[in-house]
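Coordinate analysis (summary)
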Protein chains: 4
Amino acid sequence: MDQNKANDRLYFASDYMEGAHPAILQRLLETNMVHSAGYGLDTFSESARARIRRACSAPEADVHFLVGGTQTNATVIGSILRPYQGVIAAESGHISTHEAGAIEAGGHKVLTLPHTMGKLDAASVADCVKAYREDANHDHMVMPGLVYISQPTEFGTLYSLRELTEISRVCHEAGIPLYVDGARLAYALACPDNDVTLADLARLCDAFYIGGTKCGALLGEAVVLPRHDFIPHFFTLIKRGGALLAKGWVAGLQFDTLFSPLPGKNGENENGSGGSPLLYEEIGRTAIEAAGRIRNALFEKGYDLPFDCPTNQLFIAVDRDRKEYLEQHAELSFWEKLADGRTVLRICTSWATSMEDVDRLLAVL
Amino acid sequence: MDQNKANDRLYFASDYMEGAHPAILQRLLETNMVHSAGYGLDTFSESARARIRRACSAPEADVHFLVGGTQTNATVIGSILRPYQGVIAAESGHISTHEAGAIEAGGHKVLTLPHTMGKLDAASVADCVKAYREDANHDHMVMPGLVYISQPTEFGTLYSLRELTEISRVCHEAGIPLYVDGARLAYALACPDNDVTLADLARLCDAFYIGGTKCGALLGEAVVLPRHDFIPHFFTLIKRGGALLAKGWVAGLQFDTLFSPLPGKNGENENGSGGSPLLYEEIGRTAIEAAGRIRNALFEKGYDLPFDCPTNQLFIAVDRDRKEYLEQHAELSFWEKLADGRTVLRICTSWATSMEDVDRLLAVL
Amino acid sequence: MDQNKANDRLYFASDYMEGAHPAILQRLLETNMVHSAGYGLDTFSESARARIRRACSAPEADVHFLVGGTQTNATVIGSILRPYQGVIAAESGHISTHEAGAIEAGGHKVLTLPHTMGKLDAASVADCVKAYREDANHDHMVMPGLVYISQPTEFGTLYSLRELTEISRVCHEAGIPLYVDGARLAYALACPDNDVTLADLARLCDAFYIGGTKCGALLGEAVVLPRHDFIPHFFTLIKRGGALLAKGWVAGLQFDTLFSPLPGKNGENENGSGGSPLLYEEIGRTAIEAAGRIRNALFEKGYDLPFDCPTNQLFIAVDRDRKEYLEQHAELSFWEKLADGRTVLRICTSWATSMEDVDRLLAVL
Amino acid sequence: MDQNKANDRLYFASDYMEGAHPAILQRLLETNMVHSAGYGLDTFSESARARIRRACSAPEADVHFLVGGTQTNATVIGSILRPYQGVIAAESGHISTHEAGAIEAGGHKVLTLPHTMGKLDAASVADCVKAYREDANHDHMVMPGLVYISQPTEFGTLYSLRELTEISRVCHEAGIPLYVDGARLAYALACPDNDVTLADLARLCDAFYIGGTKCGALLGEAVVLPRHDFIPHFFTLIKRGGALLAKGWVAGLQFDTLFSPLPGKNGENENGSGGSPLLYEEIGRTAIEAAGRIRNALFEKGYDLPFDCPTNQLFIAVDRDRKEYLEQHAELSFWEKLADGRTVLRICTSWATSMEDVDRLLAVL
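A brief look at the structure comes next. Going along each chain's sequence as written, the residues are numbered from 1 onward. By the order in which they are written, chains take letters starting at A while ligands take numbers starting at 1. Per-residue local features of the predicted model are confined to residues with pLDDT of at least 70, and side-chain atom pairs are confined, for both listing and counting, to 80 or more; whole-chain, interface and lining totals are unaffected and use all residues. Values reported for side chains reflect all heavy atoms of the structure, with hydrogen atoms and water molecules removed beforehand.

**Quick notes on the overall build of chain A**
Tallying secondary structure elements over chain A gives 15 helices and 12 strands in all. The dimensions of chain A, computed from C-alpha atoms along their principal axes, are 60 × 55 × 35 Å. For every residue, the accessible area (1.4 Å probe, protein chains only) is compared with the maximum for its type, and the residue is labelled buried under 20%, exposed over 50%, or partly exposed between those bounds. Scored against the burial criterion, the 365 residues of chain A give a buried share of 65%. Two residues qualify as a contact provided that any one of their heavy atoms is within 4.5 Å of a heavy atom in the partner residue. Long-range contacts, defined as pairs at least 24 residues apart, comprise 70% of the intrachain contacts of chain A with a sequence gap of at least 6. Exposure was quantified through the Shrake-Rupley algorithm and a 1.4 Å probe, taking into account, for residues, occlusion by the shown protein chains and nothing else. Accessible surface for chain A amounts to roughly 13,000 Å². Of this, 49% is attributable to carbon and sulfur atoms. The average position of the 33 basic charges and that of the 47 acidic charges among the side chains of chain A differ by 3 Å. Working definition: helices are DSSP H or I runs of at least four residues, strands are E runs of at least two. Numbering for both runs from the N terminus. His is not counted here, nor are the chain ends, while Lys and Arg score as positive and Asp and Glu score as negative. Charged side chains are reduced to one point each, which is NZ for Lys, CZ for Arg, CG for Asp and CD for Glu.

**Structural notes on the sheet that holds strand β12 (residues 343-348) of chain C**
Residues and elements named next belong to chain C. Pairing is antiparallel across the open sheet formed by 3 strands, whose spatial order is β9-β12-β11. The outermost strands of the open sheet, each flanked by one partner alone, are β9 (313-318) and β11 (333-337). Going across the sheet, the axis of each strand differs from the next one's by a mean of 30°, ignoring polarity. When DSSP finds two or more bridges between two strands, those strands count as paired. For every element, the axis is a line fit to its C-alpha atoms; helices are fit only across the contacting stretch, and the angle between N-to-C directions ranges from 0 to 180 degrees.

**Regarding the interface of chain C and chain A**
Counting from both sides, the interface comprises 19 residues of chain C and, opposite them, 19 residues of chain A. The largest share of the area that chain C buries against chain A comes from C:R82, C:Y84 and C:H140, three residues that together contribute 31% of it. What makes a salt bridge here is a side-chain nitrogen of Lys or Arg within 4 Å of a carboxyl oxygen of Asp or Glu, nothing more. Joining chain C to chain A, the criterion identifies 0 salt bridges. Each polar contact in these results corresponds to two N or O atoms within 3.5 Å; when the atoms are within protein, one needs to be able to donate a hydrogen and the other to accept it, and residues that are neighboring in sequence are counted only if both atoms are side-chain atoms. Counting every contact that joins chain C to chain A gives 6 residue pairs in polar contact (both at pLDDT 80 or more). Ranked by residues supplied to the side of chain C that touches chain A, first place goes to helix α11 (residues 234-240) of chain C with 5 residues. Note on residue categories: nonpolar means Ala, Val, Leu, Ile, Met, Phe, Trp, Tyr, Cys or Pro, charged means Asp, Glu, Lys or Arg, and polar means any other residue, Gly included. Of the residues contributing to the side of chain C that touches chain A, the split by class is 10 nonpolar, 5 polar and 4 charged. Accessible area that two parts lose when put together, with a 1.4 Å probe and added across both, is what the buried area reports.

**Thoughts on the pairing of strand β2 (residues 62-66) of chain B**
Residues and elements named next belong to chain B. Burial within β2 is extensive, with 5 of its 5 residues counted as buried. Residues of β2 alternate between two faces, with D62, H64 and L66 on one and V63 and F65 on the opposite face, all of them buried. In the sheet, β2 pairs with strand β8 (residues 221-225) via 5 bridges, with the strands oriented antiparallel. For D62, the partnering residue across the bridge sits in β8 and is L225.

**Considerations on the environment of C:G212**
Take C:G212: it is sitting in the loop between β7 (207-211) and β8 (221-225). Taking C-alpha positions, C:G212 is 21 Å from C:S79, a pair spaced 133 residues apart along the chain.

**Topic: the relation of the copies chain C and chain A**
Superposing the copies works by least squares over the C-alpha atoms of residues that have pLDDT at least 70 in both of them. For the match of chain C to chain A, the screw axis carries a shift of 0.0 Å, the RMSD comes to 0.0 Å, and the turn is 180°. With respect to symmetry, the two chain copies, as superposed, fit the operation of a two-fold axis. For chain C, the residue whose C-alpha comes nearest the rotation axis is C:R82, separated from it by 4.2 Å. In this assembly the copies share their binding face: 100% of the residues contributing to the interface of chain C also contribute to that of chain A.

**Focus on the interface of chain D and chain C**
At the interface, 49 residues of chain D touch 49 residues of chain C. Counting the surface lost from both chain D and chain C, the interface buries some 4,600 Å², and carbon and sulfur atoms represent 62% of this. Put simply, chain D and chain C have 0 salt bridges between them. At the boundary of chain D and chain C, one finds 22 residue pairs in polar contact (both at pLDDT 80 or more).

**Focus on the environment of D:H21**
Residues and elements named next belong to chain D. Along the chain, the position of H21 falls in the loop between β1 (10-11) and α2 (22-30). Judged by its relative accessible area of 19%, H21 falls in the buried class. In contact with H21, other than residues within four places in its own chain, are G216, L279, I283 and W351.

**A look at the pairing of strand β8 (residues 221-225) of chain A**
All names here are of chain A. By the criterion of burial, β8 is predominantly enclosed, with 5 of the 5 residues buried. Here β8 shows two buried faces, one formed by E221, V223 and L225 and the other by A222 and V224. Sheet analysis places strand β7 (residues 207-211) next to β8, joined by 4 bridges and oriented antiparallel. Bridge pairing in β8 places Y209 opposite V223.

**Some remarks on helix α4 (residues 69-80) of chain B**
With 12 residues, α4(B) extends 16 Å from end C-alpha to end C-alpha; this agrees with the ideal 16 Å at 1.5 Å per step. All buried positions along α4(B) are accounted for by B:T70, B:Q71, B:T72, B:N73, B:T75, B:V76, B:I77, B:S79 and B:I80. By this rule, a helix spans an expected 1.5 Å times one less than how many residues it contains.

**Examining the sheet that holds β8(A)**
The strands making up a sheet associate through hydrogen bonds between their backbones, and the pairing can be parallel or antiparallel. Residue and element names in this part refer to chain A. Spatial ordering of the open sheet is given by β2-β8-β7-β6-β5-β3-β4, a layout of 7 strands whose pairing is mixed. Each edge of the open sheet carries a strand with a single partner, namely β2 (62-66) and β4 (110-113). The average undirected angle you get between the axes of adjacent strands in this sheet is 25°. Across 4 bridges, the pairing between strand β5 (residues 143-150) and strand β6 (residues 178-182) is parallel.

**Things to note about the pattern of salt bridges**
All names here are of chain A. Going through the model one piece at a time under the given rule, you end up with 72 salt bridges over all chains. Residue K119 pairs with E163 through a salt bridge whose shortest N-O separation is 2.9 Å. Here K119 is found in the loop between β4 and α7 (122-134), whereas its partner E163 is found in helix α8 (residues 161-173), with 44 residues between them in sequence. We classify K119 as buried; its relative accessible area is 17%.

**A few points about the side chain of B:S168**
Here B:S168 is to be found in helix α8 (residues 161-173). Filtering out sequence-adjacent residues up to four positions away, B:S168 remains in contact with B:L178 and B:L204.

**Examining the packing of helix α3 (residues 43-55) of chain C against helix α12 (residues 249-258) of chain C**
Residue and element names in this part refer to chain C. Between α3 and α12, whose axes approach to 8 Å, the crossing angle comes to 40°. Here α3 is positioned oblique relative to α12, judged by the angle of their axes. Read as a crossing pair, α3 and α12 show a hand that is left-handed. Side by side, α3 and α12 meet where F44, S45, S47, A48, R51 and I52 of the first sit next to W249, G252, L253, F255 and D256 of the second. Its residues placed into classes, the contact of α3 with α12 shows 6 nonpolar, 3 polar and 2 charged. The labels follow the angle: roughly parallel below 35 degrees, roughly antiparallel above 145, roughly perpendicular from 65 to 115, and oblique for the rest. Whether a crossing is left-handed or right-handed is set by the direction in which the near helix is turned from the far one by less than a right angle, anticlockwise for left-handed and clockwise for right-handed.

**Some details on helix α13 (residues 279-300) of chain D**
Here α13(D) contains 22 residues, and its C-alpha end-to-end distance of 32 Å stays within 8% of the 32 Å for a straight helix at 1.5 Å per residue. One or two steps after α13(D), the chain reaches D:G302, where phi turns positive at roughly 80°.

**Side note on the environment of B:G78**
Residues and elements named next belong to chain B. Within the secondary structure layout, G78 lies in helix α4. Separated by 159 residues in sequence, G78 and L237 place their C-alpha atoms 8.9 Å apart. If we skip the residues at most four places from it in the chain, G78 touches N73 and H108.

**Focus on the state of the cysteines**
All names here are of chain A. Count a disulfide wherever a pair of cysteine sulfur atoms falls within 2.5 Å. Scanning the entire structure with this criterion turns up 0 disulfides over all chains. No disulfide involves C309; its sulfur sits 10 Å from the nearest other cysteine sulfur, which is in C191. On the basis of relative accessible area, C309 is assigned to the buried category, the value being 2%.

Structure, rendered in structure tokens:
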């Protein structure tokens, strides 16, 4: 593989361009010949579940390991909703735009609401539910049966604890569950601006998933259902959706590793790891620190950042010349074309971003 | 991990109880930090596609990598059928029994036919199609729109080339595509009794999949569609079904390895690997040789083998005492209870079965 | 319309070849210009519901009027089942064979069981549920979530009260609802051999429908859910299934008429109509009396009746010559071809069969 | 039924509050005892098809009779779309709002676009398709596979021939079929402002339906597919959707009547009825004339008409006092609450509106 060496190019296009954190590969290697039960009934998955329950302060939680984000959203949402219900989401939500109609394939409408930088606010959720209930024809309409939000959002923004608490309150007063898509949750948790912990998610939501694919795993998303048996027969529903891994431990073992304390580290975490930060926290921190350094440089150099994103995604609006220059030196991600002719590019850091790469990018910028 | 050492126990319960063939893990390790495009658009997947096309003598084939068997069946079958159609399968077929209704979840009926040791025969397929066509009420019925078979079957039996050719002929005369589930295809291909090659499958079927999960991969199934664009927009259909891997190369790289020639081996294969057998062939051979030795011992020792299975699954009917004795020494798989009170147990070998394990099992038997 | 006069031909092919009982047309005519609320919220439908509740001795029952049989089956079954469940039915059940996959279109498998003359027996239902529960892999299988039977069956046979009670007991011990398709229920209720009343159905089943289309209405089926709110939001589920009539009273008014006492009749009924039989009972009686006379004649004349059917459908096995002769004189319905070369024909009577037609048919036979 | 006499009240709430045009009831009465083939294979339906083909100048058209609007939309749309496709519709479209998720129940997303008074414009359709095609991620998105519009719209507005031609051009350049919901088509066709004929619809659209339920029939919608076999196996798809009427002639006969020339009338029509207007045209004309008289009165009396609707629906914005006054004297339909506290009420005329009722309403206004 000299493909690596040829890579003089800088890669900041996405957070799922590399394999897995080395600690995960190491565990896969060490346990490769262990005989394990299939379908997530193995001891690695059991251990991972215990660690996640602890990290979430949710001792009764059901934890299931699925493979990818769209699959997880479709399976969880389709399992919670009844046929006469739909799911409320931001117009910009992943399920609204980039999941090829997976929710509708399960028979449910996505009830979209306007958003601010990817975020729903509690008042608009409350208004939507109220409008439905007061509509004289609501028996002819799709009933809101679930609220879907992402932490961080598609735009890399974060719900504050106050905002999340408010949405949770609105949902539960209306008798509607709340589900959080945490595809990039590590980058939220590690963000200095963030005040929402895993325990807060477990306390305020009815279902959420802890992203693995974009946060250092080869693949895998951990669905957390804080109340036991919140979704009856979820195992069979996962199977029916084609989402059940035969070698379930391939996902379970990765989460067991992600939620293990880092060897030889001590410090600030409070997530039940006895003092050491968890690998999942460390992975987030790496990306957030890299993003912080780039953000500072962008501000210094006078770049226009159209969205204010505290996590691992940075957006810059550039003119054609700048775009061409940047694309010569680094792989960034096209986001959108602005009305004024400029282009918004996304710079994305990850667990795999090295400080050396950041330095080289800063030199380019 | 001393879990390995503790394993004095013998494991013959299944062919997906261990991780991946070491060569696969090695490749994952070597390429871990390579920046790759997502969703199977990477160079590893492209290379794997080229190797599979070559091994199948199907230069125009579309090849897609999915994660697991139920997912693959549901995605392929749901993508080929039109809403007014169903899929013909054996009553014992995996889609008929053990996929939790995944085909019906996509809106389609499984039209079941009786089987002989897991196999459909061409005449009963032809009769089923004829009965549908001649039924005066067939516009009120589900139209057969696809035939599903497995090679090897649920019972470990094999279609001969003559049988497969005959089913293919019946299907194509009726204008109905033929799809083959190859979850354990390596064990069919390596079987001395087998006369159906990958090229035969590509020539006689409209779609089939080459199993990875049960044949030495961590996960992954390679869907082969011999005619380009046989399923329009299949990429989007995969995404819609939640079956699209973000890090697609995790599956692609494994198949690239499985379909690479073994270094330092020369020999009998004709699958375009320039003389050396492919890893996929070697994996099958290991399991088949182990199964062969066990089969011979079973015959010698007078065990009752109710099904005649030439592949990596062996079935023995034992009384209660024998069952208890065997279960003390080895992990086998419960298959079914017979009317005469005896139990059928399955002995399953795999790529991970060592000759040492076989010797120990023979001593137990 | 001299199409009527041209009809020298005898019609015994089916029980839905004519319009509606004249009393129904009369009511439609009389009420045509009454302004009514839509969607079944009108006073005619309300009155029909009250009459049906009375006839079923089910004062708490929810009653909904749908349009046709397949629609009713798909809507009721799809509304009761959870996504991980399927419906148990006879292999010969209408939902298993002649509804074009409507149940599967809603995402559910039909779990078929062998039948005797169209009937399931309680033991085989119990065995099916037991086999599912005891199967070590049942989490990978479709859970039986409903039992579907027809009264009368596709073959015109009847469940006795003892048989129905036994099936009901098995279902309720297993926690599985029981649903009865009563497309031809009038002909069961009017049959001298029948001992299952509407009140029995309401007591023993969780859902059933009283057929209108085949029993004298232009269209319409009355779904009876004996326990209020057994299917939450059923109105919206009906709408979602495209099964909600805008002019709901067109169905409601017909059932109001069918469940009204016949003017000027006194007699044997006990269905809350104050002595007079209901029109629905009278309609059944007409067809059953006609069928009885034909049955007697068939026996006398030595016809071979392969199934023993006490209701409005009679089956005769005839050789080719007899078949041609009969088809010259009367329109009968092809049922099936026997292995011995003979053909089974169906003779079907209805509310619209006149004694004059019966006399003419007897002359032909 | 003295319910009629008690009706001193004025009814202008909706156009489906009464039964059927008397000519339809008359035909049902006359043909009640005619023996007919089921499922729309009867001679009345055949005659209706011929008349509709003639009225549409579409000699090759397939014509199917379904029962209601939501059912028709779900069946047609679900039959045209492939699983990876969705349907473009106005945010205000019936399928977007008031069909309880029937389109999503079939597995498809409704891709909503902003509207002007219920109408889509060709440019926004073109932009939507272009945005999809140019989006680098469109393989992860739902492909626009059909355009849905209504004539008249939910707001009673009309597409002009120029507008419809433009939308049709955009659709066909993009290879996307165009489908028109004509639930109230009679009221469009009869409108003096209208310049879109049935022949135009047949020429410019790939599918449309001619509404019966809201235009004088007891029930029934006629789906017109101008190109033969545009939807293969549509009969079975109708059955699968629970939308196939057993007594199909109940719908067919009504359309045969609606598309028959009025006896004893001569005049302006060009729809192949040899000089006499068709009943369907007459029905529209009655409602439009009534609406015209009311519209003039509303303008004269200074009512505020927030939408400019040329068809049989009129909208007035009134304050609370006026609302209460009007509701004492007439049944109107609540439309929406305005931000300024006023209420929008709908006044709806129909085939059943008498000039006497209009006079009485004018007196009230």
